[in-house]
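Here are the chains, one letter per residue:
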Amino acid sequence: MIPSGAVAPLFRRNMLAAATVVALAILGIRFFQYQILKHDEFQLYAEKNSIRSIRMPAPRGLLLDRNGQFLVTNRPYYGLAVVPAEVRGSLEQLRGLSRYIDLTPEEITARIGAVRGVYEQYQSLLLYDDLSFTQISQIEEHRLEFPGIFFLDRTIRHYPSRARATHVIGYLRSLSAEDMIKYKDRGYRPGEQIGAVGLERYLEDRLRGQDGYRYHLVDNLLRDLGSLPNKPPQPARPGEAVALAIDINLQALAEQLFEDRRGAMLMMDPGTGEILAYVSAPDYVLEPFTGSIPVSLWEQWRNNPDKLLLNRPINGLYPPGSTFKLLAAAVAQAYNLIGQEDTLSCAGRYFFGDRYFRCNVLAGHGAVNMEQAIAQSCNIYFYQLIQRIGFDRWREIVLLFGFGEPTGIEVPQESAGLVPSRPYMDRKYADVGWTAGHMLNLVLGQGDILVTPLQLARMTAAIANRGYLVRPTLLHRPPGAAPEGRLIELPDAVWDNLQAAMYQVVYGFRGTGFRAKVPGGRIYGKTGTAQNPHGDGHSWFTGYIVAPGGERAVLTLLVEQGGLGSRLAASLAATVFDHYLNQYLPRQDQDLAQVP
Amino acid sequence: MPRFLNFKAYPVSFDGLTVVPVAGLILFGALGLFSTAQGGSLQSASLFRQGIWLLVSLVAVGALRWVHPRFYYQHAYRLYAVFLLLLVVTFFMPAVSGGQRWIMLGALRLQPAELGKIVLVLALAKYLTDYRKQLAEFPYAMAPLGIAILPTLLIIGQPDLGTALIYLVVTFAMMYWANISSFYLFVLIAPVVSIVSGFEFYAFSAWMLCLIVVLTLARVKLRWKTVLFAVNALFGTLAPTLWNSLQPYQQRRILTLLDATSDPHGAGYQVLQSRTAIGSGGLFGKGLGEGTQTQLRFLPVTDTDFIIAVIGEELGFIAILVILILFAWLLLRLLDRASTTQYRFASLCVVGFASVFLVHVFINMGMATGLMPVTGLPLPFLSYGGSFLLTCILMIGLTNYLLAGEPL
């Protein structure tokens, strides 16, 4: 009841009371909306603010050889770091670090002083890369003298094996900001390492593993306030360990053989396609890639005239030389263009068109049959044979043996080689025209044909397999797993004759591959010398061994500018075959014996 | 010797229904300050200093017992003059954080605009009491605006938009309470609506239509109707030009209100973090001292203007509800007392005080939740800040003293 002398009428009093209640109710509704209705959403924002997940990188998967020996492992890596904002006051003390690391006191001051910007002040700064254990223990011992320092630890690649297998393994690189467009969706972060080349790249998804996380509370300056008790860490899942087909001992021997040479070598199990040894010489040392590789060193490698970075077994393109005579022989028999015992005569030179083509023996081989022509590598025999074969049938057999296409080995970016086609020849020799004369070159594996050593190894495996063109693999094939590949359908007699001829190359009269002989095993082979416009010819040997126990291994070997294949390549092959027979095979038996 | 200094204590009984909600609000303020005091000598000083200020305020209220109840009425204009003088003095003081709002006397910083709220209320109340017979005439009815406009302009110059807004709203509320004609008040409000609606063509057209209807029905001379319409039309069309003359920071403050995330590093950041703090508090809060937003300093400003965000985060919606109820209790009680007294001057003062509280509460809690622009107004009895606490407690004390005085 308002007394009569009241200042304002009842209506105005009620209006003000209503305004008060409405105003406070609006606030109440607003708080209700935020604190009750949208609570979960804001709870999430608050957690995003204050909870930082700290990544625990998953160790990258190990690489083993076929016997479980380590090819690539991880090793701990320690960096020395500080948070600039926290050490501003103790710079004088930090300068004392120069006693233990290769930095002068001035350099230490300069590095910390170089950090500008408020945000950067609170991010860790790497003072020193890759500390040794001695350095760590020395610094740890005097830790109290250096307030604010801490060790950054992670793991990096380590190569404990005496076999390098550089081009097989490949290396890692750090993801740049531009890469992130492509890799962000796959969970990568800038600066993270990713397989760049070789199996490191091919096996990336298996080797990578899954990072773990632990959760820490941070404040608005991102200072760490310790782990969260109610959010348990997610442990990292290490990457898968992968066994390669490589045998470390064979690989090490092969690398040793090629120490001062340029070239390639492959040893392969023809039954499974497993690569036992894979050499690309010269190569480079992988260890420096683990840290940050200096640009100058990389440039040096890239510009090396010996082409360190060229992966010769799959990217080196060479004329196959006389090893290709095997294919001409195969197609001639398949089409019955010549009998096995039919002879053609070689007088040391062959007149075709308007010029003479020479044989490798000046006096000539006389009358030779196919087996003799292969064993003695007679050019004249094949000059005459190719006249009967013709370009199309020759090309057919070359393609059938897998030339002109990648073999499908795991190392990325394999070359296909070059098998010239009619349109290709027409285009290339448009002005002068191409004639059967070019065929004389092609049948000897010269001229426009280019192959990779791996393709030649696969061809050899197909002969050893009597037609099965196996896909080469760098990964260890579990026993019983079916190899991949395709069958080349040729009459049995063709395979018999090819194998016999390859046997004669090593053991026959005037056989060019006699140097590849090893007591105790039967060696089949073919030598070749690919002409090289830059100097001595490239020296080829491709063949296989059959051990007394029936085990077989294909060996393809190329020495750039090695001269006659019959000399250097064949004698190197003997060393490898010897190791295979007398060390590799006995070791395999031992390993098998250990299995219960 | 002046009459008011006769060293006689005037008998007064404190109204318990006013004191209880005030005590409750001060308690919540202490809890909030206690929380922000966690782990920092600088912050713990704020709780201590606020305690000192509380003590000073209570002593001041106690000391007012010796002031004659009619002193405020008799000397309202003189106090008003001193207040204007002090406001002018602030312009000769060094600037603190971009504003010249304080008078520095050694370590003591005084913000005249705070106590000025009381003085303005006293001056307005005196005018509205003295001229109550003439208030039916338009010039007399508009005169309070003249009283308010001087300090308002000075305070806009400081610059302190929030306090200036308080002055205007309080003046309007007291004029309403003084029973000034609704049409006059409409005329007063109209230009403000014209300016705001001037930014939107359709809103402005609708408003103009509404204005025409009201003016047609009003019983005033056609001449005045024409003038009123012209003035409002002018205001509305000039509004965009006026907007452009505002300082960029003022524009930003208003714009970030519309979308707090549009400026995530400035005022928008504060509002965003404040909303996050409040929202993440939920029904019961995270517990005192457990708020991640407050304790980990994601909320940059805590103990002064955004104390409600701290309380909302750590004590939850329950505490907010209790605070709102306490404010409602206090304000309705003040309104009740204002309407039950025969003493016009006191009644007007109490309504003035109540409106000061309400505007503070609405703008402060509104800005913490992104409902109102960030104008830097503290929350009565809860925010850290000595001058403002003193002002608030003095207003409560004065309410009691004034209502105890006899009607004129």
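Residues numbered from 1 in each chain as written. Chains lettered and ligands numbered in written order. Predicted model: local features only at pLDDT ≥ 70, side-chain atom pairs only at ≥ 80, totals over all residues.

(A) Local environment of the overall build of chain A. When helices and strands are counted, chain A shows 22 helices and 21 strands. Burial statistics for chain A: of 596 residues in total, 40% are counted as buried. Within chain A, counting contacts between residues at least 6 apart in sequence, those at least 24 apart form 70% of the total. (Helix = DSSP H or I, 4+ residues; strand = E, 2+ residues; numbered from the N terminus. Buried ≥ 20, exposed ≤ 12 C-beta atoms within 10 Å, placed from the backbone. Contact = placed C-beta atoms within 7 Å.)

(B) Local environment of the nonpolar core. Counting residues in hydrophobic clusters, the biggest one holds 124 residues, and the most contacted among them are I246, A328, A573 and F577 of chain A. Residues from two domains meet in this core; each of domain 1 (47-69 + 162-244) and domain 3 (248-305 + 313-594) of chain A gives at least three. Not counting the four nearest positions on each side in its chain, A573 of chain A is found in contact with A516, G525, F541, G543, L555 and L557 of chain A. If you look at the next biggest cluster of nonpolar residues, it comprises 106 residues, including L122, A141, L334 and Y401 of chain B. (Core = buried A, V, L, I, M, F, W, Y, C linked by C-beta atoms within 7 Å. Domains from an automatic or database assignment.)

(C) The environment of H438 of chain A, seen in detail. Mapped onto the elements, H438 of chain A comes out in helix α19 (residues 436-443). Through-space distance from the C-alpha of H438 of chain A to that of M425 of chain A is 9.3 Å; in sequence the pair is 13 residues apart.

(D) Representation of the packing of helix α5 (residues 112-130) of chain B against helix α16 (residues 386-404) of chain B in the model. All names here are of chain B. It is the contact of α5 with α16, at a shortest axis distance of 8 Å, that shows an interaxial angle of 15°. As judged from the angle between their axes, α5 and α16 are roughly parallel. By crossing handedness, the relation of α5 to α16 is classed as right-handed. Taken together, the residues of α16 that come into contact with α5 (itself represented by E114, L115, K117 and I118) are S387, F388, T391, L394, M395 and L398. Looking at the contact of α5 with α16 residue by residue, the classes come out as 6 nonpolar, 2 polar and 2 charged. (Axes fitted to C-alpha atoms, helices over the stretch in contact; angles between N-to-C directions. Parallel < 35°, antiparallel > 145°, perpendicular 65-115°, else oblique. Left-handed = near helix turned anticlockwise from the far one by under 90°. Nonpolar A, V, L, I, M, F, W, Y, C, P; charged D, E, K, R; others polar.)

(E) Geometry of the sheet that holds strand β19 (residues 522-532) of chain A. Residue and element names in this part refer to chain A. Strand order in the open sheet formed by 5 strands is β12-β11-β21-β20-β19, and the pairing between neighbours is antiparallel. Bordering the open sheet on either side are β12 (275-281) and β19, each of which pairs with just one other strand. Between one strand axis and the next, the sheet turns through 5° on average, direction left out of account. Both strand β11 (residues 263-268) and β12 contribute to a ladder of 6 bridges, which runs antiparallel. Looking at the pairing, A264 lines up with S280 of β12. (Pairing = 2+ DSSP bridges.)

(F) Molecular detail of the environment of L87 of chain B. Residues and elements named next belong to chain B. Mapping L87 onto the fold places it in helix α4 (residues 76-90). Among the residues examined, L87 registers 21 C-beta atoms within 10 Å and is labelled buried. Sequence separation of L87 and G116 is 29 residues, and the distance between their C-alpha atoms is 8.8 Å. Filtering out sequence-adjacent residues up to four positions away, L87 remains in contact with P112, A113, G116, P151, L154 and I155.

(G) Summary view of the pairing of strand β21 (residues 552-559) of chain A. All names here are of chain A. With 8 of its 8 residues buried, β21 lies for the most part within the structure. Neither face of β21 is open: one carries R552, V554, T556 and L558, the other A553, L555, L557 and V559, and all of them are buried. Pairing between β11 and β21: 6 bridges, direction antiparallel. Each bridged residue has a counterpart across the sheet, and for L266 the counterpart in β21 is T556. The pairing of strand β20 (residues 535-546) with β21 spans 8 bridges and is antiparallel. By the bridge assignment, W540 is partnered in β21 with L558. Counting the residues that bridge the hairpin from β20 to β21 gives 5 residues, and of these G550 lies at a positive phi of roughly 95°.

(H) How the structure looks around helix α10 (residues 222-245) of chain B. In this model, α10 of chain B (24 residues) spans 34 Å end to end at C-alpha, consistent with the 34 Å of a helix rising 1.5 Å per residue. Along α10 of chain B, the largest kink reaches about 45° and is centred on A239 of chain B; proline P240 of chain B follows within four residues of it. (Expected span 1.5 Å × (residues − 1). Bend = angle between axes of the 7 residues up to and from the residue.)

(I) Highlighting α4 of chain B. Residues and elements named next belong to chain B. Helix length check: α4 (15 residues) gives 21 Å between terminal C-alpha atoms against 21 Å at 1.5 Å per residue, within 8%. Among the residues of α4, those classed as buried are A76, Y80, F83, L87 and T90. Buried residues along α4 cover an arc of 75° about the axis, so they all sit on one side. In α4, those exposed residues whose orientation departs by more than 90 degrees from the buried face are R78, L85, V88 and V89. Buried residues along α4 sit against α3 (71-74), β1 (103-105), α5 and α6 (138-156). (Arc of directions from axis to C-beta.)

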